[in-house]
Amino acid sequence: MKTYWIDSEELIAKRQYDRICEEFERISPAFAAELAEEGLPRSDNALTIMNLIHKHEEIIDECIVVFDKFQLLQTLLPDRLLSALLHHQGRKLHLVFLTSYMWEGLLFDPGAAVLIDTEDFIIDSSEIMRYFGSEKTEISPEEAVHIFELTNGWNLAVYSLLQKRIYASAEITENETQSCLNKLILNRYSSDLNHVMLCLNPFDRFTDETVSFVLDDHLVLSSILNKLRSTPLVSYNLITHEYHPHPTVSRCFRMLLDEMSLAQKRWIFRRAGDYYGSQGNTIKQLWCYGESEDDELILQLDH
């Protein structure tokens, strides 16, 4: 079965709808021509576009169409079309969407979509035990649970700890384990994401609003939010719209924060304290100002 791979990021960069239609010429020139004639997807033509898909899939060869980085198109396509695509159950045209975060409509109406998310790739404690055993490295059930708690089952982190244990000449300490995970996190995250996570370290959970307030840089904001929703060890709650950094990530960036200059630490904790103050959370605001070691900030609250 033929598979056609479409890069959503590339399509958006070209900023031309006819370039999107050209991708479909590989499947069916007639299909591509009718899509081009219909024009950009809108709420009022979403049904027509879906009817075109149903019409042409009866006369094309069976194939799979993969939309990579689909999260970039989720904000452009009308909800009506997104819903229709997810309900598509064609016999010959099979649609696959690879996305770093899920369209919120899926939460309430997934349609015919088969959802495979990060939880499907998590390695639980029993699998960690078997994995270590397969590499001739025996660990106890308690150790496996501890590794799971540290990594949340992130396979790359589990692999890194296995390699650390295989090549260690002595028992690995907690500090060495955290150091190993710190290197992995900092290498896996981009430099701009590392900066953002440092600025957000005073928060045990945060929202898009928190990120916007702390960064105060709208040019960076949208790209960072896209990255956050696909970042290992940072979970996103679709109901509360909150990001929850894993404790291992929080420890990693707190250790980095402690190594920064006093001026840098003061800026980060002051911004966090200002945000808590804007939300009326005086206790958290006072804690942040205390961590900044700036007495003037604390004295400002005493009025």
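Reading the values: the criteria
Residues numbered from 1 in each chain as written. Predicted model: local features only at pLDDT ≥ 70, side-chain atom pairs only at ≥ 80, totals over all residues. Heavy atoms only, no water. Pairing = 2+ DSSP bridges. Helix = DSSP H or I, 4+ residues; strand = E, 2+ residues; numbered from the N terminus. 1 Å grid on protein atoms, 1.4 Å probe; cavity = no way out; pocket = protein on both sides within 12 Å on 5 of 7 lines; lining within 4 Å. Points joined across faces, edges and corners; volume = space filled by probe spheres on them. Nonpolar A, V, L, I, M, F, W, Y, C, P; charged D, E, K, R; others polar. Axes fitted to C-alpha atoms, helices over the stretch in contact; angles between N-to-C directions. Patch = residues over 30% accessible without salt bridge, like charges linked within 9 Å, V, L, I, M, F, W, Y side chains within 5 Å. Areas by Shrake-Rupley, 256 points an atom, 1.4 Å probe, with all protein chains shown as cover. Salt bridge = Lys/Arg side-chain N within 4 Å of Asp/Glu carboxyl O. Buried < 20%, exposed > 50% of the residue type's maximum accessible area, 1.4 Å probe, protein only.

## Some details on the pairing of strand β5 (residues 242-245)
Next, step 1: Relative to β5, strand β4 (residues 234-237) is paired through 4 bridges, and the arrangement is antiparallel. Each residue of the ladder has a partner; that of S235, found in β5, is H244.
Next, step 2: Hairpin remark: β4 followed by β5, antiparallel, with 4 residues in the connecting loop; positive phi at H241, about 60 degrees.

## A short note on empty space enclosed by the protein
Next, step 1: Taken as a whole and judged by the stated rule, the model has 1 cavity of 30 Å³ or more.
Next, step 2: The calculated volume of the largest cavity comes to roughly 40 Å³.
Next, step 3: Taken together, M197, L200, N201, F203, F206, P245, V249, S250 and F253 make up the full set of residues lining the largest cavity.
Next, step 4: No other element matches helix α15 (residues 247-259), which puts 3 residues into the lining of the largest cavity.
Next, step 5: Along the lines of polarity and charge, the residues of the lining of the largest cavity split into 7 nonpolar, 2 polar and no charged.

## A closer look at the sheet that holds strand β3 (residues 93-97)
Next, step 1: With parallel pairing, the 3 strands of this open sheet are ordered in space as β1-β2-β3. In this open sheet, the two edge strands, each paired with only one partner strand, are β1 (2-7) and β3. Taking each pair of neighbouring strands and ignoring which way they run, the sheet shows an average axis angle of 20 degrees.
Next, step 2: Examined bridge by bridge, strand β2 (residues 63-68) and β3 share 5 bridges and lie parallel to one another. Looking at β3, one finds that I64 is bridged to H94.

## Overview of a nonpolar patch on the surface
Next, step 1: A surface patch of nonpolar side chains, about 260 Å² in accessible area, is lined by W5, V96 and L98.
Next, step 2: By the secondary structure assignment, L98 is in the loop between β3 and α7 (105-108).
Next, step 3: Since its relative accessible area comes to 32%, L98 is described here as partly exposed.

## Here we look at the pattern of salt bridges
Next, step 1: Under the counting rule described, the total for this entry stands at 8 salt bridges.
Next, step 2: The partner of R42 in a salt bridge is D44, and the shortest N-O contact between them spans 2.9 Å.
Next, step 3: Here D44 falls in the exposed class, since its relative accessible area comes to 58%.
Next, step 4: Taking the shortest distance from any N to any O, the salt bridge between R270 and D274 comes out at 3.2 Å. Taken together, the residues span about one helical turn, with R270 and D274 both in helix α16 (residues 262-278) at a distance of 4 residues.
Next, step 5: Looking at R270, the relative accessible area reads 28%, which means it is partly exposed.
Next, step 6: Judged by relative accessible area, D274 falls into the partly exposed class, the value being 22%.

Read these as geometric descriptors, not functional statements.
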